[in-house]
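What follows is each chain in one-letter form.
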Amino acid sequence: MEPQKKTTLTEGSVAKGMLLFALPIFISNLFQQLYNAADSLIVGNFLGGEALAAVGSSGSLIFLLTGFVNGVSLGAGVVVARYFGAKDWQRMRRTIHTTVALGLAAGAVLTVVGVLLTPQILRWMGTPDNVLVNSIAYFRMYFMGSIAVVMYNVGASILQSVGDSRSPMRYLIAASIINIVLDLVLIGVFRMGVGAAAFATIASQTVSAVLAFSKLIRSKEEWAVRPREVRFDGPSLKAVIVQGLPSGIQNSVISLANVIVQSNINSFGANAMAGCGAYSKVEGFAFLPVTCFAMALATFVSQNVGAGQPDRVRKGMKFGILCSIAMAEVVGVCIYLASPWLIGAFSSEPDVIAFGVQQAHTAALFYCLLAFSHCCAGILRGLGRPVVPMMVMLAVWCVLRITYITITLHFIHAIGVVFWAYPITWSISSLLFAWYIRHCPIPQLGGGAPH
């Protein structure tokens, strides 16, 4: 039995299909970023700079522990999209149920590891003593509910891989509203501390995960999740691991590098932590066109390779890259010009604002390079070549970035050295990706799992 709802990604206008698919992802990421920013805004204005530093510096550590699982989910989505494009329903179903089983197991492990190791990791990062207590409270509460975060990403990845990006958008909008309301009530009214901000996040993520799996379980389509079929299937697990493991390793090692970068920022004090944390929330909006087109390209390319349509693959690659670069640069210019007011919304302390503005003025005009690198990585995942972006990003965004910071800070102890690490490494990765994409062949035949 074939699905009643056909994908728009393997037929019709390339530009229209990709935009209709990417726009809900963009809106989803926008609302996710809004409620992430709301955490920092409410904490900074109601609980002060030290609490803001604890929440604002959370991104790199959270991504360190969740990035691997999210990367594997991306790989699973590529495999599901390939089978979906090829109309290989049997293997698609086995892959979906294996992915759900893997998500449940990974979420349980992540909960235990996150709760137990949080204090030690924060000390390794050089977190100042006046911030440490709040940071431990925030991270431990967050990781107690991390299984909800993992399962939402698994559910959203499955839905997006079969061409449904609207449902995850609706679920994230609902989660965003719940998160902001809980923040205002628990922190603004009851002043319950930074742990309440983490509780608001995991409560809202739980709602979005439940909604996503309610959709998957109730569906009559071939991609529906049947709880009794959730189990590990050997060939499906191998395909998911082969495609997802490089992305998972890439995410984890890059986030580990970001933790090391964050530890260098921490050495400049709580004001630097707060200012850079505020900037990271603002910068998240620049990632919206980057991530939405990178995810859309991975699904678009994988479905059309599965359907045996290499010409559509080439057209989609060009369109997605150009759109992402243009949108990212527009956002970058806006952030560059408005950074004093944007950072000032998180804190009124002049030193905090100064650090955030300095980082914005260093990095914002280079967002086009960030967009290009991520889009190329998404394309290569869709083509079944996830090892290439992993190797480029590990070599450049991790090894080179940390080496540059470590050596240069030894001679010039200025926080600007840390800020410039990002534009420099984005430029180098863009050159490497441009060369590889130009010479990378596109598979001509549809069907089968990515090699």
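Residues numbered from 1 in each chain as written. Predicted model: local features only at pLDDT ≥ 70, side-chain atom pairs only at ≥ 80, totals over all residues. Heavy atoms only, no water.

Quick notes on the overall build of the protein chain
The secondary structure content of the protein chain amounts to 15 helices and 0 strands. Its C-alpha radius of gyration of 21 Å places the protein chain within 12% of the 22 Å reference for a compact globule of 451 residues. Counting only C-alpha atoms and orienting by the principal axes, one finds that the protein chain spans roughly 60 × 45 × 35 Å. When each of the 451 residues of the protein chain is scored for burial, the buried share is 58%. When contacts within the protein chain are restricted to residue pairs at least 6 apart in sequence, those whose partners lie at least 24 apart make up 84%. Of the roughly 17700 Å² of accessible surface on the protein chain, a fraction of 68% belongs to carbon and sulfur atoms. Taken as two groups, the 29 positive and 17 negative side-chain charges of the protein chain have centres that lie 10 Å from each other. (Helix = DSSP H or I, 4+ residues; strand = E, 2+ residues; numbered from the N terminus. Rg over C-alpha atoms; globule rule 2.2 N^0.38 Å. Buried < 20%, exposed > 50% of the residue type's maximum accessible area, 1.4 Å probe, protein only. Contact = heavy atoms within 4.5 Å. Areas by Shrake-Rupley, 256 points an atom, 1.4 Å probe, with all protein chains shown as cover. Lys, Arg positive; Asp, Glu negative; His and termini not counted. Charge placed at Lys NZ, Arg CZ, Asp CG, Glu CD.)

Things to note about the environment of Tyr367
Considering the arrangement of structural elements, one finds Tyr367 in helix 13 (residues 367-382). Tyr367 has contacts with Tyr279, Glu283, Ala286, Ala328, Glu329, Gly332, Ile335 and Trp426, leaving out every residue within four places of it along the chain.

Observations regarding the packing of aromatic side chains
Per the counting criterion, the structure on display carries 7 aromatic pairs. Centroid distance Tyr142 to Phe143: 5.4 Å. Interplanar angle 85°. Geometry classified as edge-to-face. Each member of the aromatic cluster is reached from another via a ring pair, and the members are Tyr367, Tyr422 and Trp426. (Phe/Tyr/Trp six-rings, centres within 6.5 Å; stacked < 30°, edge-to-face > 60°.)

Details of the confidence of the model for the protein chain
Across the protein chain, the average pLDDT comes to 87, with 94% of residues at or above 70. For residues 1-7, every residue scores under 50 in pLDDT, and the model assigns this stretch 14 contacts once sequence neighbours within four places are set aside. (pLDDT = per-residue confidence, 0-100.)

Quick look at unusual backbone geometry
Phi at Lys87 is positive, roughly 60°, even though this residue is not glycine. In this structure, Lys87 sits in the loop between helix 3 (58-86) and helix 4 (89-124). Positive phi outside glycine occurs at Arg191, with the angle close to 50°. Since its relative accessible area comes to 49%, Arg191 is described here as partly exposed.

A closer look at the nonpolar core
With 77 residues, the main nonpolar core has Tyr367, Leu383 and Phe433 as its most contacted residues. Among the elements that take part in this core, helix 10 (residues 270-306) stands out by supplying 16 residues, more than any other. Not counting the four nearest positions on each side in its chain, Phe433 is found in contact with Phe372, Ser373, Cys376, Ala377, Leu380, Pro389, Val392 and Met393. Core analysis: the next-biggest nonpolar cluster, separate from the first, contains 49 residues, Trp89, Val150, Val162 and Tyr171 among them. (Core = buried A, V, L, I, M, F, W, Y, C linked by side-chain atoms within 4.5 Å.)

Let's talk about the side chain of Ser146
Inspection of the secondary structure assignment puts Ser146 in helix 6 (residues 146-161). Relative accessible area serves as the criterion here: at 0%, Ser146 is assigned to the buried category. Among residues more than four places away in sequence, those in contact with Ser146 are Gly107, Leu110 and Thr111.

Some thoughts on helix 14 (residues 387-411)
Compared with an ideal rise of 1.5 Å per residue, which puts 25 residues at 36 Å, helix 14 spans 35 Å between its outermost C-alpha atoms and is within 8% of the ideal. At Leu394, helix 14 shows its strongest bend, of approximately 30°. (Expected span 1.5 Å × (residues − 1). Bend = angle between axes of the 7 residues up to and from the residue.)

Describing the state of the cysteines
A covalent bond between the sulfur atoms of two cysteines is what we call a disulfide. Under the counting rule described, the total for this entry stands at 0 disulfides. Sulfur of Cys276: no disulfide; nearest cysteine sulfur belongs to Cys398 and is 19 Å away. Using a relative accessible area of 6% as the deciding quantity, one classes Cys276 as buried. In this model Cys368 remains outside any disulfide bridge; the closest cysteine sulfur is found in Cys375, 12 Å from its own. The class of Cys368 is partly exposed, set by a relative accessible area of 21%. (Disulfide = S-S within 2.5 Å.)

Things to note about the packing of helix 10 against helix 12 (residues 350-363)
Following both chains from N to C, one finds helix 10 and helix 12 inclined at 50°, their axes separated by 7 Å at the closest point. Put simply, helix 10 runs oblique to helix 12. The way helix 10 lies across helix 12 gives a crossing that is right-handed. Judged by residue contacts, Asn271, Ala272, Ala274, Gly275, Cys276 and Tyr279 of helix 10 engage Asp351, Val352, Phe355, Gly356, Gln359, Ala360 and Ala363 from helix 12. (Axes fitted to C-alpha atoms, helices over the stretch in contact; angles between N-to-C directions. Parallel < 35°, antiparallel > 145°, perpendicular 65-115°, else oblique. Left-handed = near helix turned anticlockwise from the far one by under 90°.)

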